[in-house]
Amino acid sequence: DAKAEDKKKLFVRNLSYQTKEEDMEEYFEKFGKIEKVTIILRDGRSKGMGFVEFETSQSAKKALAESE
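Residues numbered from 1 in each chain as written. Predicted model: local features only at pLDDT ≥ 70, side-chain atom pairs only at ≥ 80, totals over all residues. Heavy atoms only, no water.

(A) Local environment of unusual backbone geometry. Look at Asn-14: it is not a glycine, yet its phi comes out positive at around 65°. Mapped onto the fold, Asn-14 is located in the loop between strand 2 (9-13) and helix 1 (21-28). (Helix = DSSP H or I, 4+ residues; strand = E, 2+ residues; numbered from the N terminus.)

Here it is as structure tokens:
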């Protein structure tokens, strides 16, 4: 489940707690070049959500369209 926060950044939720930033990058790179991936942590443990920031808004739009 992802929502557009701005033109290039997606908020991604419902991640497995075992998902790593590398896993997210590997999945989302098929939509375009990624600038940054962040998993939100609390006390060093995943909260099951994070952000993917793409180089272009077109890549973010493709990823969002595919996830809906």
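Structure's up, so let's keep going.
(B) Representation of the environment of Ser-57. By secondary structure assignment, the location of Ser-57 is in helix 2 (residues 57-67). Spatially, the C-alpha atoms of Ser-57 and Leu-41 are 26 Å apart, while their sequence positions differ by 16 residues.

(C) Just the pattern of salt bridges, in detail. What the rule picks out here adds up to 1 salt bridge. Between Glu-35 and Lys-8 there is a salt bridge, with the nearest N and O atoms lying 3.7 Å from each other. One end of the pair, Glu-35, is in strand 3 (residues 34-42); the other, Lys-8, is in the loop between strand 1 (2-4) and strand 2, and 27 residues separate them in sequence. Its relative accessible area of 27% is what places Lys-8 among the partly exposed residues. (Salt bridge = Lys/Arg side-chain N within 4 Å of Asp/Glu carboxyl O. Buried < 20%, exposed > 50% of the residue type's maximum accessible area, 1.4 Å probe, protein only.)

(D) Structural view of helix 2. The set of residues buried in helix 2 consists of Ser-57, Ser-59, Ala-60, Ala-63 and Leu-64. With its buried residues spanning 155° around the axis, helix 2 presents them on a single face. In helix 2, the exposed positions angled more than 90 degrees off the buried face are occupied by Gln-58, Lys-61, Ala-65 and Glu-66. (Arc of directions from axis to C-beta.)

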